[in-house]
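If you want the building blocks of each chain, they are given just below.
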Amino acid sequence: FLSGAGIGLAYVVPIAVCVKWFPDKKGLITGLAVAGFGFGATIWVKLAGSWFGGLLNTTSVFGLPGVQSVFVIYGITFFLLVLLGSMVMVNPPDGYVPQGWSPPNADNGDHGAIEYRARDMLRTPQFYMLWTTFMFAGIAGLMVIYCIKLFGIDALEYHGVANARAVTGTAMAWYAIFNGLGRLAWGSITDRIGRKRTIIIMSALQGVTMLMTYHVFISFGMVYGFIVAAALIGFNYGGSFALFPAMTADYFGNRTVGTNYGWVFTAYGVAGLAGPLLAGYFKDAAQGAGQPGVWMTPFVIAGVVCLLGALVMTLAKRPRQLSG
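Residue positions are given per chain, counting from 1 as you read along its sequence in written order. Per-residue local features of the predicted model are confined to residues with pLDDT of at least 70, and side-chain atom pairs are confined, for both listing and counting, to 80 or more; whole-chain, interface and lining totals are unaffected and use all residues. Side-chain metrics rest on all non-hydrogen atoms present in the structure, leaving aside hydrogens and water.

J.: When you look at the overall build of the protein in this model, what are you seeing that I'm missing?
T.: The helix and strand inventory of the protein stands at 11 helices and zero strands. For 324 residues, the compact-globule estimate of 2.2 N^0.38 gives 20 Å, and the C-alpha radius of gyration of the protein, at 21 Å, lies within 12% of that figure. C-alpha extents for the protein along the principal axes are approximately 65 × 55 × 35 Å. Of all 324 residues assigned to the protein, the portion counted as buried reaches 43%. If you take every contact in the protein between residues at least 6 apart in sequence, the share linking residues at least 24 apart comes to 78%. Secondary structure follows DSSP: runs of H or I at least 4 residues long count as helices, runs of E at least 2 residues long count as strands, and numbering of each begins at the N terminus. Computation of the radius of gyration draws on C-alpha atoms alone. For the globule rule, the value is 2.2 Å times the number of residues to the power 0.38. Exposure is judged per residue with a 1.4 Å probe applied to protein chains only, and the accessible area is read against the type maximum: over 50% gives exposed, under 20% gives buried, and values in between give partly exposed. Note on definitions: a residue-residue contact is assigned when non-hydrogen atoms from the two residues lie within 4.5 Å.

J.: What am I meant to see in the packing of aromatic side chains here?
T.: Two aromatic rings are characterised by how far apart their centres lie and by the angle between their planes. Here a Phe, Tyr or Trp ring, Trp counted by its six-membered ring, pairs with any other such ring whose centre lies within 6.5 Å, and the pair is stacked when the planes are under 30 degrees apart, edge-to-face when over 60, and tilted otherwise. Here the structure, examined in full by the defined rule, presents 18 aromatic pairs. Members of the aromatic cluster, connected to one another through ring pairs, are Tyr-11, Phe-134, Tyr-175, Tyr-237, Phe-241, Phe-244, Tyr-261, Phe-265 and Tyr-268.

J.: I'm lost on the packing of helix H2 (residues 26-49) against helix H4 (residues 66-86) in this one. Help?
T.: Helix-helix packing is characterised by the crossing angle of the two axes and by the distance between the axes. Between N-to-C directions, angles cover 0 to 180 degrees, with each direction set by a line fitted to C-alpha atoms, over the stretch in contact for helices. Remark: H2 packs on H4, axes separated minimally by 12 Å, with the N-to-C direction vectors making an angle of 150°. For H2 against H4, the interelement crossing comes out right-handed. Residues Trp-44, Leu-47 and Ala-48 of H2 form the contact with H4, whose participating residues are Val-70, Tyr-74, Thr-77, Phe-78 and Leu-81. Within the contact of H2 with H4, the residues separate by chemical class into seven nonpolar, one polar and no charged. Crossing handedness is defined as follows: a turn of the near helix away from the far one that is anticlockwise and smaller than a right angle gives a left-handed crossing, while the clockwise case is right-handed. By the convention adopted, Pro, Cys, Tyr, Trp, Phe, Met, Ile, Leu, Val and Ala count as nonpolar, Lys, Arg, Asp and Glu as charged, and the other residues, Gly among them, as polar.

J.: How should the environment of Met-143 be read in this particular structure?
T.: In this structure, Met-143 sits in helix H6 (residues 125-158). Taking the relative accessible area as the measure of exposure, Met-143 reaches 0% and is therefore buried. C-alpha separation for the pair Met-143 and Tyr-175, spaced 32 residues apart in sequence, amounts to 13 Å. Residues within four places of Met-143 in sequence aside, it is in contact with Gly-138, Met-210, Gly-275, Pro-276, Leu-278, Ala-279, Pro-298, Phe-299 and Ala-302.

J.: Help me out: how do you make sense of helix H11 (residues 296-315) in this one?
T.: Every α-helical turn comprises 3.6 residues, leaving residues that sit three or four positions apart pointing alike. Working rule for helices: expected span equals 1.5 Å times residues minus one. Taking 1.5 Å per residue as the helical rise, H11 with its 20 residues ought to reach 28 Å, and the 29 Å between its terminal C-alpha atoms agrees with that figure. Along H11, the residues that are buried comprise Met-296, Pro-298, Phe-299, Ala-302, Gly-303, Val-305, Cys-306, Gly-309, Ala-310, Val-312 and Met-313.

Scope: geometric values only; no functional claims are made or implied.
Spelled out as structure tokens, the structure:
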């Protein structure tokens, strides 16, 4: 409970503050913020596990064994780093406008011009369309995080790949790398071609990739196909963390994005339950089956919901001016 609350509080603040300082580059700035979140997780995991011998294997703080020692070290480190970071997490002064940028105008229908309070946002169909699409994207990404190793070993060994375990480890690494790169790339792309169009493209690409993972990427590409599929899924999944905060600001206001995106982000919590359970249920139901195609049912479901998310966003329209 405390860990989840801490992550939620720390995660939203930089996004909300950065959007206010850089309203002209919302996609890129949110991509940078969430890329730090993704790459940071990789760094801390590696420091604990393998880098420089691994803190789990080399430390004993206050006479504690490795795991407890790492928690103590990380607790102190995170406290200091977050405290330092919080000192620059301040809103811009009233009336601040980046040089060369014109503030959005509600009369012109500009994105981010209408400031919705959370209770008003929750009454709009656009919130639920955005929330649903984010949940679908999260289900696909989190399902793959949960099962990529088991799925890869089963599928590659079935196709006669001798070093399947090593390949899945490589695929997981590329998934993590492209997860971070996707946050930067999609965030930059959305500033150029628009938020709605980018989310539609990303969701559709993720859906097609999920549907093709086994019967195309693995059946024909084998080792390299599996690695490419993992990288593509990570790339698209990472992009959702850059796109949905920016889209929330576009639809419901730049200055209220901190509160409003907190509500949108609850979709990720639901996906965190649904995605892994989806893969686990079908795998357990197929115990003893020698054909790894049993994994394709959750991949098909995840692919279809991503395509459905693209359709939902196609139908989404900008919220209207608030009355009164």
